[in-house]
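Below are the chains, spelled out letter by letter.
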Amino acid sequence: MNVPPSRNIELKARIADLSAARGTAERIATARPGHERQRDTYFACARGRLKLRKIEGRPAQLIAYERADHPDAKASDYRLLELADEDTSVKLRELLEAALGITVIVEKTREVFLHHNVRIHLDEVVGLGSFLEFEAVVAGAVDDAAAHTQVAWLQNEFGIAAADLMNNSYSDMLCRKNRPS
């Protein structure tokens, strides 16, 4: 059975004032799931990106996704597999490392807010700095156009300038930063 991927419309921006962004998020949030400490292990793959995400206190997730690399709001098509237990997660990581190789590990703290179907992330990424990310979930009555409209509204609410938009993933930024000159 070929299950279609899930989809988000995403936007990522560098932010200089994390507390101001937090204030905006608190003002517009419809829910506040809280803080997460994440470790994303990225593996080499032929198409898209493949990562094993470990969030403290929760089961690990294997996430395969494809997303264009440009600064504007963009579609991200993904497939997610939640792993049953820590032992399975460790064995899968070892298997993928042996078969594909690890390209980079991204460690971050993430503060999560929701604005209806949009996840608002305030991220502090080790080695990179502070970022704001929107992930508008495309499902049900929310199609791509509606999700783009939501993200544009949030971009305006947070005062994100075009110069602050990021076109790459944290993994790409870390790989570039760590590449020998």
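Above this text is the structure in question.
Residues numbered from 1 in each chain as written. Predicted model: local features only at pLDDT ≥ 70, side-chain atom pairs only at ≥ 80, totals over all residues. Heavy atoms only, no water.

How should unusual backbone geometry be read in this particular structure?
Most peptide bonds take the trans configuration, and most residues that are not glycine carry a negative phi. Of note, His116 is a non-glycine position whose phi angle comes to about 60 degrees, a positive value. Considering the arrangement of structural elements, one finds His116 in the loop between strand E6 (102-115) and strand E7 (118-125). (Helix = DSSP H or I, 4+ residues; strand = E, 2+ residues; numbered from the N terminus.)

Would you mind going over the packing of helix H1 (residues 18-28) against helix H3 (residues 144-157) with me for this structure?
To describe two helices that pack against each other, one gives the angle between their axes and the distance between the axes. Between H1 and H3, the least distance of the axes is 10 Å, while the angle of their chain directions is 130 degrees. When the axis of H1 is compared with that of H3, the two are oblique. Residues Thr24, Arg27 and Ile28 of H1 lie in contact with H3, whose contacting residues are Trp153, Leu154 and Glu157. For the contact of H1 with H3, the residue count by class is three nonpolar, one polar and two charged. (Axes fitted to C-alpha atoms, helices over the stretch in contact; angles between N-to-C directions. Parallel < 35°, antiparallel > 145°, perpendicular 65-115°, else oblique. Contact = heavy atoms within 4.5 Å. Nonpolar A, V, L, I, M, F, W, Y, C, P; charged D, E, K, R; others polar.)

Is there a simple way to think about the packing of aromatic side chains in this case?
A ring pair, where both rings are aromatic, is described by two values, the distance of the centres and the angle of the planes. Inspection of every chain in the model, using the stated rule, returns two aromatic pairs. Between Phe134 and Phe158, the aromatic rings sit 5.4 Å apart at their centres with planes inclined by 50 degrees, giving tilted as the arrangement. Placement of Phe134 in strand E8 (residues 129-138) and of Phe158 in the loop between H3 and helix H4 (170-178) is noted, with a sequence separation of 24 residues between them. Of note, Lys12 hangs over the ring of Tyr170, and the distance from its end group to the ring centre comes to 3.6 Å. (Phe/Tyr/Trp six-rings, centres within 6.5 Å; stacked < 30°, edge-to-face > 60°. Lys NZ or Arg CZ within 6 Å of the ring centre and 35° of its normal.)

Please clarify how the pattern of salt bridges should be interpreted in this entry.
A side chain of one charge can pair with a side chain of the opposite charge if their charged atoms are brought near each other. Enumeration according to the criterion identifies 23 salt bridges in this entry. Asp40 is the salt-bridge partner of Lys51, the closest N and O atoms lying 3.8 Å from each other. Of this pair, Lys51 sits in strand E3 (residues 49-55) while Asp40 sits in strand E2 (residues 31-43), and the two are 11 residues apart along the sequence. We note that Lys51, like Asp40, is buried. In this structure, Asp123 engages Arg110 in a salt bridge whose closest nitrogen and oxygen atoms are separated by 2.7 Å. Note that Asp123 is positioned in strand E7 and Arg110 in strand E6, a separation of 13 residues in sequence. Looking at Asp123, the relative accessible area reads 0%, which means it is buried. Connected through shared salt-bridge partners, Lys12, Arg110, Asp123 and Glu133 make up one network. (Salt bridge = Lys/Arg side-chain N within 4 Å of Asp/Glu carboxyl O. Buried < 20%, exposed > 50% of the residue type's maximum accessible area, 1.4 Å probe, protein only.)

I tried to follow the sheet that holds strand E5 (residues 74-82) on my own but got confused; where do I start?
Sheet strands associate in pairs through backbone hydrogen bonding, adopting either a parallel or an antiparallel arrangement. Reading around the circumference, E1-E5-E4-E3-E2-E6-E7-E8 is the order of the eight strands in this closed barrel, with antiparallel pairing throughout. Averaged over all adjacent pairs, the angle separating strand axes in this sheet is 35 degrees, with direction ignored. As judged from the seven bridges shared by strand E4 (residues 61-67) and E5, these two strands associate in the antiparallel manner. Bridging from a neighbouring strand, Ile63 pairs with Leu80 of E5. (Pairing = 2+ DSSP bridges.)

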